[in-house]
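# Fold and geometry: a report
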Amino acid sequence: VQGAWADTVVGQVFYEQDYEATGVVADWTTSVNGRFTPTILEDGGNHYLSVVNTTRNNNGCVLTSPSLAEKVAAGTDFVMTFDLKVSSSNNQSPTKFEIKDAANTGTIFSLTATDKNATTWLLNGGKSYDLPNTNKTGGEQTIADVPWYSVKIRRVDDNTYVTITPKLGGATIVDNVSVTASSSGGLGDMIFETKRYNANFAI
């Protein structure tokens, strides 16, 4: 799991967080709404959160990590980079990953699947982008079917800019796009909202 960090000075790591644990969800808490306890599985030495298809009778769940909260205050310019894998549910939509602002009222960054088995995602609720993967129907989706993406979030004054690039090469998918959605800025909770079956997420 690649870790996430924010720089306030070029070349200076202001904050870094690894999200890696085996057998437990050390950095994430689960809402009581879903009848499902997430599991952390391993892929290539990295660990990831998963909604496992063999766990039936679940309506999905909302996982929240407060690890970024209060690490970058509102009004602070920053650059945040991380590597990301995310797949949509094969049963219900939307699957969503978002990073809230310091007040946890606005959104700095979000990706929302447009449908079940989707490869098209909405960036901050606006323009749609293709995040190509080999999504499969019938419960066969695994984290190995989803490629890594490098994500860069740059906050300057009241503006947020996002770049998303495939790790294995290829054209930049989102190129320094302005996605201003929060006037307060800073960093708060990270939230991963799953729906039923095989919505996978790694950071």
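In what follows, the accompanying structure is described.

Cut-off values and rules
- The residue numbering used here restarts from 1 in each chain and proceeds along that chain's sequence as written.
- In keeping with the predicted nature of the model, local features appear solely for residues at pLDDT of at least 70, side-chain atom pairs appear and are counted solely at 80 or more, and the whole-chain, interface and lining totals rest on all residues.
- Side-chain metrics in this entry use all non-hydrogen atoms of the structure; hydrogen atoms and water are not considered.
- Burial classification: accessible surface area is computed with a 1.4 Å probe over protein chains only, and a residue below 20% of its type maximum counts as buried, one above 50% as exposed, and the rest as partly exposed.
- Only DSSP runs of H or I covering at least 4 residues are called helices, and only runs of E covering at least 2 are called strands; the numbering of each starts at the N terminus.
- Strand pairing is assigned whenever DSSP detects at least two bridges linking the two strands.
- Residues grouped as a nonpolar core are buried Ala, Val, Leu, Ile, Met, Phe, Trp, Tyr and Cys residues, joined through side-chain atoms within 4.5 Å.
- The contact definition used throughout considers only heavy atoms, calling two residues in contact when any of these lie within 4.5 Å.
- Note on definitions: salt bridges are taken to be side-chain nitrogens of Lys or Arg within 4 Å of carboxyl oxygens of Asp or Glu.

## Observations concerning the pairing of strand β10 (residues 120-123)
- Burial of the side chains of β10 is restricted to one face: W121 and L123 are buried, whereas none of T120 and L122 on the reverse face is.
- For strand β9 (residues 107-113) and β10, the ladder comprises three bridges, and the chain directions are antiparallel. By the bridge assignment for β10, A113 is matched with W121.
- Where β9 folds back onto β10 in an antiparallel hairpin, the turn is made up of six residues, including N117, whose phi is positive at roughly 55°.
- In terms of strand pairing, β10 meets strand β11 (residues 128-130) through three bridges, oriented antiparallel. Bridging from a neighbouring strand, T120 pairs with D130 of β11.
- Hairpin connection of β10 to β11: four residues between the antiparallel strands, including N124 at a positive phi of 50°.

## Section: the nonpolar core
- Residues F82, F97, I99, F109, I153, I164 and F201 are the most contacted members of the largest nonpolar core, which totals 37 residues.
- Every element with two or more residues in this core is listed here: β7 (78-86), β8 (96-100), β9, β10, β12 (149-156), β13 (159-166) and β15 (190-193).
- Looking at this core element by element, the count peaks at five residues for β7.
- F201 has contacts with W28, Y48, L49, L84, K85, V86, F97, I143 and F192, leaving out every residue within four places of it along the chain.

## Some details on the pattern of salt bridges
- Summed over all chains, the structure comprises two salt bridges.
- For K167, the salt bridge is made with D83, and the minimal N-O distance between the two is 3.2 Å. Highlighted residues: K167 in the loop between β13 and β14 (174-178) and D83 in strand β7, separated in sequence by 84 residues.
- You can call K167 partly exposed: its relative accessible area is 43%.
- A salt bridge links K96 to E98, with the shortest nitrogen-to-oxygen separation between them at 3.7 Å.

## Overview of the environment of Q17
- Inspection of the secondary structure puts Q17 in strand β2 (residues 15-17).
- The exposure class of Q17 is buried, given its relative accessible area of 15%.
- Spatially, the C-alpha atoms of Q17 and D27 are 9.6 Å apart, while their sequence positions differ by 10 residues.

## Description of the side chain of T107
- Structurally, T107 is set in strand β9.
- You can call T107 buried: its relative accessible area is 15%.
- Aside from chain neighbours lying at most four places away, what touches T107 is E98, I99, K100, D101, N124, A181 and S182.

## Digging into the sheet that holds β8
- What the seven strands build is an open sheet, ordered β3-β6-β15-β8-β9-β10-β11; its pairing is antiparallel. Two strands bound the open sheet, and with one partner strand each, they are β3 (29-30) and β11.
- Both β8 and β15 contribute to a ladder of four bridges, which runs antiparallel. If you follow E98 over to β15, its bridge partner there is I191.

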